[in-house]
Amino acid sequence: VGEFFRQWLQVRHIEDLDKDGKLFPEFTPELVDDLRVSLDLFVDDVVWGERSDFRELLRAEHLFVNNSLAAFYGLPGPAGATGPGAFGRSSAPAGQRSGVLTHPYLLAAFSYKATSSPIHRGVFLTRSVVGRALKPPPVAQAFDETAFEHGMTMREKVTKLTRSENCQGCHAVINPLGFSLEHFDAVGRFRTTEAGRPVDAASDYADDDHGEVRLAGARDVAEFAIASERANRAFIEQLFQYLVKQSPRAYGSETSARLRDS
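Here is a short report on the structure shown in this document. (Residues numbered from 1 in each chain as written. Predicted model: local features only at pLDDT ≥ 70, side-chain atom pairs only at ≥ 80, totals over all residues. Heavy atoms only, no water.)

## Remarks on the overall build of the chain
Moving on, step 1. Looking only at helices and strands, one finds 11 helices and 6 strands in the chain.
Moving on, step 2. The globule rule puts the C-alpha radius of gyration for 262 residues at 18 Å, and the 19 Å found for the chain is close to it.
Moving on, step 3. Its C-alpha atoms put the chain at 55 × 55 × 30 Å along the principal axes.
Moving on, step 4. For the chain, the residues scored as buried account for 49% of the 262 residues in total.
Moving on, step 5. Within the chain, contacts between residues separated by at least 24 positions form 62% of all contacts whose residues are at least 6 apart in sequence.
Moving on, step 6. For the chain, the accessible area works out to roughly 13300 Å², and carbon and sulfur atoms hold 51% of it.
Moving on, step 7. Placing the 30 positive and 36 negative side-chain charges of the chain at their respective mean positions leaves the two points 2 Å apart. (Helix = DSSP H or I, 4+ residues; strand = E, 2+ residues; numbered from the N terminus. Rg over C-alpha atoms; globule rule 2.2 N^0.38 Å. Buried < 20%, exposed > 50% of the residue type's maximum accessible area, 1.4 Å probe, protein only. Contact = heavy atoms within 4.5 Å. Areas by Shrake-Rupley, 256 points an atom, 1.4 Å probe, with all protein chains shown as cover. Lys, Arg positive; Asp, Glu negative; His and termini not counted. Charge placed at Lys NZ, Arg CZ, Asp CG, Glu CD.)

Here's what the structure looks like:
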């Protein structure tokens, strides 16, 4: 089950998570190791806890931290922890965190060395959380910081980079989801400004079933996915496929619906 969640969260093969040392000198290999433990503890707590509720994976406002992580991310110290490196539960300020969507390990993994990456984050949310498929891009484009004017926000850079019709086939879906996480920097710390300007995390997401959905942040994405039949079905089918090694459809066309309702 743990391996499934590492695959679902797309972190199975992450080996190098270093950041710009001048911007983030405290983001050390030891801190990265602590973040991995934090993520595993959170998933284990949700999956094997008394409630074992999929919705808590996406909307929980707490993390598991030790003193080092609490200090780095500006969170309350770990409740019930004994010893300097011990982990415990820490509740983030209201509205800042939303389950795995905003876990610092994932936010850092889906970022560049010095900046956030709405594209990487948006692709993760599209495929793993809201359950939509993406086609390979017709033309691959590298993100080049030198191609943008000084002072542009990451949102402005991504909008400019992906504005062509060829890009918008996928980025009309990817970008709004990725922008919803722009309140978090390259190491997953919460922020309200970028380069001295207020962060804009709001976008209209085009959903095939419900039309345009306003997403103003990670919590909106979580609530949308929780209520989405497609997102629920995608998660169930991925979990079933991983554990049983067969598609749910091999057991009848209504298997996914029965599993969701059980």
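After that view, the rundown keeps rolling.
## Considerations on the packing of helix α6 (residues 118-129) against helix α8 (residues 165-179)
Moving on, step 1. The contact between α6 and α8 brings their axes to 7 Å, and the two run at 105°. Put simply, α6 runs roughly perpendicular to α8. Contacts between α6 and α8 involve P118, I119, R121, G122, V123, L125 and T126 from the former and H171, V173, I174, L177, G178 and F179 from the latter.
Moving on, step 2. Per-class residue counts for the contact of α6 with α8 are 8 nonpolar, 4 polar and 1 charged. (Axes fitted to C-alpha atoms, helices over the stretch in contact; angles between N-to-C directions. Parallel < 35°, antiparallel > 145°, perpendicular 65-115°, else oblique. Nonpolar A, V, L, I, M, F, W, Y, C, P; charged D, E, K, R; others polar.)

## Some thoughts on the nonpolar core
Moving on, step 1. In terms of nonpolar packing, the biggest core is built from 59 residues, with W8, L9, F27, L57, L58 and V100 touching the most fellow members.
Moving on, step 2. With 8 residues, helix α2 (residues 29-48) is the largest single contributor of residues to this core.
Moving on, step 3. The residues touching L58, leaving out its near neighbours within four places in the chain, are W8, S98, G99, V100, L101, A222, A225 and I226. (Core = buried A, V, L, I, M, F, W, Y, C linked by side-chain atoms within 4.5 Å.)

## Considering the packing of helix α7 (residues 154-161) against α8
Moving on, step 1. The geometry of α7 relative to α8 is characterised by a closest axis approach of 10 Å and an angle of 170° between their N-to-C directions. As judged from the angle between their axes, α7 and α8 are roughly antiparallel. Together, R155, V158, T159 and L161 of α7 and C167, N175 and F179 of α8 make up the contact between the two elements.
Moving on, step 2. Taken together, the residues of the contact of α7 with α8 sort by class into 4 nonpolar, 2 polar and 1 charged.

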